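Report on the structure
Letter by letter, the chains look like this.
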Amino acid sequence: RWVTKKVQGEVTGELLSSRLPDVVSKLQFKKSMRWNSKATYSRPLRWIVAIHGGQVVPFTACGVTSGRISLGLRDGFHVPSIDIPTAASYLAQMESNRIMVDMEERQGVIWDDAQDLARASGGQIPESMKEGLLPEVTNLVEYPSAILGGFDKDFLKLPKDILVTVMKKHQRYFPVEDGDTGQLLPVFVTVANGEIDEDTVRAGNESVLTARFEDADFFYKLDMEKKLSDFRPLLEGTMFQKDLGTMLDKADRTDALVGELAEAMDLTHAKEVALQASHLSRADLATSVVMEFTALAGVMGKHYALKDGLSIDVAEAVFESVLPRNA
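The present account deals with the structure reproduced in this document.

Read across the open sheet, the 3 strands follow the order β3-β7-β6; overall the sheet is mixed. Each edge of the open sheet is held by one strand with a lone partner, namely β3 (48-49) and β6 (60-61). Pairing geometry for β6 and strand β7 (residues 64-67), over 2 bridges, is antiparallel. The residue bridging A61 from the neighbouring strand is V64, located in β7.

Next comes the structure, spelled out in structure tokens:
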């Protein structure tokens with residue numbers, strides 16, 4: 001048997017008005033904020049543009065009523081209003097007001113402009129920056145302006161991982177390296193938002209980066225005064241879990257297991273390396289560099305182990321003990 005059911009069509013504008021509040025409220029973000037309306041969103045909503053054809057789609061979400069007015073980039077104390085006449089004109093209207101709406105277009109412009117500046121300085125931006133840094137920077141700006149800056153080449157004496165971490169994770173700068181050797185060059189690319197005074201912005205970013213590098217240099221020199229093994233006892237001051245004790249307690253438990261596991265797995269030939277690496281595997285958590293730049297845990301452990309004259313196998317095992325990073 002067949003059933004015939006007639007469904008009455010709805011006016012598109014009315015259908016959107018009834019559905020969009022729920023759509024907006026259910027948008028999910030890794031980190032959200034809550035504000036006066038009791039709503040949650042990635043950032044407090046100030047306005048909503050909702051247009052179908054040339055008509056405003058009226059609804060209220062997160063305490064904000066929709067309309068056809070958007071806002072442009074702040075110019076001093078002035079924030080220009082942008083009247084959107086039709087949905088079809090939205091992208092061009094925003095572009096003419098220095099807002100690049102399309103994320104893929106914005107990302108492409110940032111990458112191409114940044115690479116052009118890097119090549120002009122005799123280097124290139126590592127392709128690895130496409131994975132984490134590029135999307136982050138893309139979402140930080142609405143109308144990108146890439147700027148080439150520089151720093152004192154004496155800082156290149158610091159380990160490359162420290163310099164890249166400071167530039168990438170703390171400042172959201174693109175590091176520039178020699179395309180043949182992979183060595184860092186004393187330049188970087190930063191991305192500002194909107195039309196700016198390049199010289200002023202460059203000078204400000206260079207000043208901030210210099211201060212960051214000076215801090216890193218201080219911490220690194222402080223660590224270099226000791227052996228990696230000297231930091232292990234300091235793990236007693238770091239809590240692992242209230243019922244499981246400190247990081248030193250955890251390290252001691254690992255040490256007790258490694259030898260037995262090596263024998264049980266018929267890896268006695270690697271037992272000595274495993275024991276040495278286990279004993280040092282968390283020691284760098286107490287170093288000044290890692291306490292300041294936590295993403296370098298394991299990386300600095302390997303660096304300091306090699307500095308102390310330990311074998312590459314031990315140093316590599318110390319690094320791999322923190323993998324996988326995002327488990």
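Before going further, it helps to spend a moment on helix α10 (residues 299-307). Since there are 3.6 residues in each turn of an α-helix, residues three or four apart along the chain are aligned in direction. For α10, every residue scored as buried is listed here: V299, M300, G301, Y304 and A305. At its buried positions, α10 is contacted by α5 (160-170), α6 (198-224), α9 (288-292) and α11 (312-320). Phi for G309, located one or two positions after α10, is positive at around 90°.

The next subject is the side chain of S66. Among the structural elements, S66 can be located in strand β7. In terms of polar contacts, S66 uses its side chain to reach the backbone carbonyl oxygen of V57, at 2.6 Å. When near neighbours in sequence (up to four residues on either side) are disregarded, S66 contacts I48, A50, V56, V57, P58 and F59.

Time to look at the packing of aromatic side chains. One pass over the full model with this rule turns up 7 aromatic pairs. When the centroid spacing of 6.3 Å and the interplanar angle of 75° are considered together, the rings of W111 and F174 count as edge-to-face. Highlighted residues: W111 in helix α3 (residues 103-120) and F174 in strand β11 (residues 174-177), separated in sequence by 63 residues. By relative accessible area, W111 is classed as buried at 8%. When its relative accessible area of 0% is taken as the criterion, F174 is described as buried. Where F151 meets F213, the ring centres are 5.1 Å apart and the plane angle is 80°; that geometry is what we call edge-to-face. Taken together, the positions of F151 in the loop between β10 (144-150) and α5 and F213 in helix α6 put the pair 62 residues apart, joining distant regions of the chain. Connected via pairs of aromatic rings, a cluster forms that spans F151, F155 and F213.

Cut-offs and rules
- Sequence order sets the numbering: in each chain, residues are counted from 1 along the sequence as written.
- Where totals are concerned, whole chains, interfaces and linings use all residues; where local detail is concerned, this predicted model gives features only for residues with pLDDT of at least 70, and gives and counts side-chain atom pairs only at 80 or more.
- Values shown for side chains rest on all heavy atoms present in the structure; no hydrogens or waters enter the calculation.
- Paired strands, as defined in this entry, are two strands with at least two bridges between them according to DSSP.
- Starting at the N terminus, helices and strands are each numbered in turn, a helix being any DSSP run of H or I of at least four residues and a strand any DSSP run of E of at least two.
- Exposed residues in this analysis have more than 50% of their type's maximum accessible area, buried residues have under 20%, and partly exposed residues fall in between, with area computed by a 1.4 Å probe over protein chains only.
- It only takes one pair of heavy atoms within 4.5 Å for two residues to be counted as in contact.
- Whenever two N or O atoms come within 3.5 Å, that pair is a polar contact, provided that in protein one can donate a hydrogen and the other can accept it, and provided that, for residues adjacent in sequence, both atoms are side-chain atoms.
- Paired rings are identified among Phe, Tyr and Trp, the last through its six-membered ring, by centres lying within 6.5 Å, and are further divided according to the angle between planes into stacked (under 30 degrees), edge-to-face (over 60) and tilted (the rest).

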